Amino acid sequence: MQLTRFTTPQAQRALRLACDTLDIEASAVLGLKKSLGDSFAQAVAMVLEVRGRVVVMGMGKSGHIGRKITATLASTGTPALFVHPGEASHGDLGMIKSVDLVLAISNSGESDELTAILPVLKRLGAPLIAMTGQAKSTLARHADIFLDCGVEKEACPLNLAPTASTTAQLALGDALAVALLDARGFKAEDFARSHPGGSLGRKLLTHVNDVMRTGDAVPHVGPQANFSALMREMSVKGLGATAVVDDQLNVLGIFTDGDLRRLVEQGIDLRNATAGQVMHPNPATIARDALAVEAAEMMELRCITSVLVVDASGKLCGALNSNDLMRAKVI
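Just so it is clear, the model here is predicted, and its values are computed rather than measured. Residue numbers run consecutively from 1 along every chain, following the written order of its sequence. Reporting in this predicted model follows two pLDDT cut-offs: at least 70 for local features of residues, and 80 or more for side-chain atom pairs to be given and counted; totals over whole chains, interfaces and linings ignore these cut-offs and use all residues. Based on all heavy atoms of the structure, the side-chain values leave hydrogens and waters out of the count.

S.K.: What's the story with the sheet that holds strand β5 (residues 145–148) in this structure? I'm lost.
M.R.: Think of a sheet as strands paired side by side through backbone hydrogen bonds, with each pair either parallel or antiparallel. An order of β2-β1-β3-β4-β5 is seen for the five strands of this open sheet, with the pairing classed as parallel. The two strands at the open ends of the sheet, each matched to only one other strand, are β2 (80–82) and β5. Direction aside, neighbouring strands of the sheet carry axes that sit 20° apart on average. Two strands pair when backbone bridges link them, and strand β1 (residues 54–58) and β2 are joined in this way by three bridges, in the parallel orientation. Bridging across to β2, V54 finds its partner in A80. Pairing between strands requires that DSSP locate at least two bridges from one strand to the other. Only DSSP runs of H or I covering at least 4 residues are called helices, and only runs of E covering at least 2 are called strands; the numbering of each starts at the N terminus. With axes taken as lines fitted to C-alpha atoms, and helix axes fitted only over the stretch in contact, angles between N-to-C directions fall between 0 and 180 degrees.

S.K.: Sorry if this is basic, but what is going on with the environment of V120 here?
M.R.: In this fold, V120 is placed in helix α5 (residues 112–124). Put simply, V120 and L81 are 39 residues apart on the chain and 18 Å apart in space, counted from C-alpha to C-alpha.

S.K.: Could you clarify how one ought to interpret the sheet that holds strand β9 (residues 280–281) in this entry?
M.R.: Spatially, four strands are ordered β6-β7-β8-β9 in an open sheet, and the strand pairing comes out mixed. Each having just a single partner strand, β6 (220–221) and β9 make up the two edges of the open sheet. Sheet topology places β6 next to strand β7 (residues 241–245); two bridges connect them, and they run parallel. Across the sheet, the residue bridging to H220 is A243, located in β7. Contact definition: two residues touch when any of their heavy atoms are within 4.5 Å. Lying on the sheet, helix α11 (residues 227–237) is in contact with β6, β7 and β8 (251–256); it crosses β8 at an angle near 75°. Those strands touched by helix α12 (residues 257–265) are β8 and β9, and its axis lies near 65° from that of β8.

S.K.: What exactly am I supposed to notice about the packing of helix α1 (residues 8–35) against helix α7 (residues 164–183) here?
M.R.: When two helices pack together, their arrangement is given by the angle between the helix axes and by the axis-to-axis distance. Their axes nearest at 9 Å, the elements α1 and α7 cross at an angle of 40°. One element, α1, and the other, α7, form an angle in the oblique class. Here α1 runs over α7; the crossing is right-handed. Contact with α1, carried on its side by I24, E25, A28, V29 and L32, involves A164, T167, A168, A171 and L172 of α7 and no other residues of that element. Among the residues forming the contact of α1 with α7, the class breakdown is eight nonpolar, one polar and one charged. Here is the rule for angles: anything less than 35 degrees is roughly parallel, anything more than 145 is roughly antiparallel, 65 through 115 is roughly perpendicular, and the remaining ranges are oblique. Handedness of a crossing is defined here by the sense of rotation of the near helix relative to the far one, left-handed for an anticlockwise turn of less than a right angle and right-handed for a clockwise turn. All residues other than Ala, Val, Leu, Ile, Met, Phe, Trp, Tyr, Cys, Pro, Asp, Glu, Lys and Arg, Gly among them, are scored as polar; the first ten of these are nonpolar and the last four charged.

As far as function goes, none of this settles anything; it's purely spatial.
So, in structure tokens, the structure goes:
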């Protein structure tokens, strides 16, 4: 495909319009701060009291913004769904119950599809929050709470295409979602539960117990094991380390590839050594119910690649190395 070549004046105009667009939209977002007040706080309080869901509605570009606001609310602790106003008049109003709250978005506040269903929403008894740029519009006048998202002008040179107005809607929706998640005491762990497929979900929902090696895959020997048995256990289990435990599986120490290198460098005769003599006593351990990311942080802090896992009584129950964490995509 042959690329279109801009002349210098064309290129300069494109860059100027891009900069103007960013300036206008940034100004539109900052301008929202002046209109924030009691109505915004009341909107947050009203949403918190709703026993059902927040039903977001909007036509055209406002509808696209509404879908994004819906997704943000749902992922931050506020159950929400999007209902298309046009489809609402043809049966989808059945999705809305009196225990729900409607958040209607329209820059003009005069969208025919929205205004047509206002009487039905009123009879239903669902609270209505209007997010619009016109305080005297039909939508604003019929709403229980009016959130002003008006802008001075669109970024479009013709002042027609929704640009600054939709940016303002999106920013105000984000502000509402952030205020709600804070009021709910929403934490990173809660966010992870609704994002189990993301990296944050893996880090906050994956526990050591989920990824550790167990049973025969855990290398361990007694303190009286000779050096040959010690090395054989390390080689067969492929962890790069082995635990040294007593008869009750209490951890006495650990022996790693690094320990072997250091002993060889010192010229120590290892042929008659026992595991108890060469082990590193009191090694780092981690609980099986700890988060896997905690194990990763421990390894990084201590500059180690393996860690032993213990149960509530302190007995060896597993082992974990950095490769296990990488396979689980924790690191």
